[in-house]
Amino acid sequence: MKLKRDDALKALIPHVNDDDIVVAVYQTNFDWMALNPRPLNYVAVGAMGQASSHGLGLALANPKRRVFIFDGDGSILMNLGSLVTISGAGVSNLYHFVFANGVYEVNGNQPLPAADTIDFEGMARSAGYRGSRSFNTLDAFQENLSELLSMPGPQMAVMEIVPGQLYPRDYDYIHSAAARQSFRDALNAVLI
């Protein structure tokens, strides 16, 4: 049985510190905001494929903070070149989580081309990530999460997921100036 997205996010909550930046996209973003609302949640919805690039920019600008990217498989397919760029940048504070469900979920569940054969773990490794792992059960993910986060980045964790509980999709908030200002304020409140 595949991992439920919200179970994976719940497992991540205790590992995300107050100063860490989380860049999440689409349904994972909505779920994360409902489960763990916090000022340093960067809202990247509306920029399909750009979470990895936005995360890299934030990691470069904030080398003393960890940056977590909660990406979708459809989203990362839109920007595969970012994997090489991330690796080449030499960031050690970037942790890239790919929530792979084989569809463009928020756009009507259209299937991804070759969804059953895509190997994101292998792509990250070939691109030069320091580590890359895949998970399809909650137990395996939880057992390996502390070790993964103790290693220097960039690290990738690919999770084969299914939707869990559905959380509200608050498009008004994620597209608002208030969401961006809240993040800017939190980012600049304590420069580390």
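Scroll up for the structure.
Residues numbered from 1 in each chain as written. Predicted model: local features only at pLDDT ≥ 70, side-chain atom pairs only at ≥ 80, totals over all residues. Heavy atoms only, no water.

Caption draft 1: Region of interest: the nonpolar core. Residues Ile21, Leu58, Val67, Leu94 and Met156 are the most contacted members of the largest nonpolar core, which totals 27 residues. Of all elements in the fold, only strand 2 (21-24), helix 3 (51-61), strand 4 (67-72), helix 5 (81-89), strand 5 (94-100), helix 6 (120-127), strand 9 (155-162) and helix 9 (177-189) reach the threshold of two or more residues within this core. The element best represented in this core is helix 3, accounting for four residues. Apart from the residues lying within four places of it in its own chain, the contact partners of Met156 are Leu83, His96, Val98, Phe120, Ala124, Tyr129, Gly131, Ser132, Arg133 and Leu148. Grouped together as the second largest cluster of nonpolar side chains are 22 residues, Val16, Trp32, Phe99 and Phe135 included. (Core = buried A, V, L, I, M, F, W, Y, C linked by side-chain atoms within 4.5 Å. Buried < 20%, exposed > 50% of the residue type's maximum accessible area, 1.4 Å probe, protein only. Helix = DSSP H or I, 4+ residues; strand = E, 2+ residues; numbered from the N terminus. Contact = heavy atoms within 4.5 Å.)

Caption draft 2: Structural view of the packing of helix 1 (residues 5-12) against helix 2 (residues 26-35). Two numbers describe how helix 1 lies on helix 2: the axes approach to 10 Å, and their chain directions differ by 50°. By the angle between their axes, helix 1 is oblique relative to helix 2. Judged by the sense of rotation from one axis to the other, the crossing of helix 1 with helix 2 is right-handed. Contacts between helix 1 and helix 2 pair Arg5, Asp6, Leu9, Lys10 and Leu12 from the former with Gln27, Thr28, Asp31, Trp32 and Leu35 from the latter. Looking at the contact of helix 1 with helix 2 residue by residue, the classes come out as four nonpolar, two polar and four charged. (Axes fitted to C-alpha atoms, helices over the stretch in contact; angles between N-to-C directions. Parallel < 35°, antiparallel > 145°, perpendicular 65-115°, else oblique. Left-handed = near helix turned anticlockwise from the far one by under 90°. Nonpolar A, V, L, I, M, F, W, Y, C, P; charged D, E, K, R; others polar.)

Caption draft 3: Up close: unusual backbone geometry. A cis amide bond, omega 5°, links Gly153 with the succeeding residue Pro154. With respect to the element layout, Pro154 can be found in the loop between helix 7 (138-150) and strand 9. For Tyr26, which is not a glycine, the phi torsion comes out positive at approximately 50°. Mapped onto the elements of the fold, Tyr26 is located in helix 2. Given the relative accessible area of 15%, Tyr26 is considered buried.

Caption draft 4: Spatial organisation of the packing of aromatic side chains. Across all of its chains, the model carries 10 aromatic pairs by this definition. Their ring planes at 35° and their centres at 6.0 Å tell us that Phe68 and Tyr95 sit as a pair that is tilted. Of this pair, Phe68 sits in strand 4 while Tyr95 sits in strand 5, and the two are 27 residues apart along the sequence. With respect to burial, Phe68 and Tyr95 carry one shared label: buried. With centroids separated by 6.1 Å and ring planes inclined at 15°, the aromatic side chains of Phe68 and Phe97 adopt a geometry described as stacked. Taken together, the residues span a long stretch of sequence, with Phe68 in strand 4 and Phe97 in strand 5 at a distance of 29 residues. Side by side, Phe68 and Phe97 carry an identical accessibility label, which is buried. One aromatic cluster is present, built from ring pairs that chain together Trp32, Phe68, Phe70, Tyr95, Phe97, Phe99, Phe135 and Phe141. (Phe/Tyr/Trp six-rings, centres within 6.5 Å; stacked < 30°, edge-to-face > 60°.)

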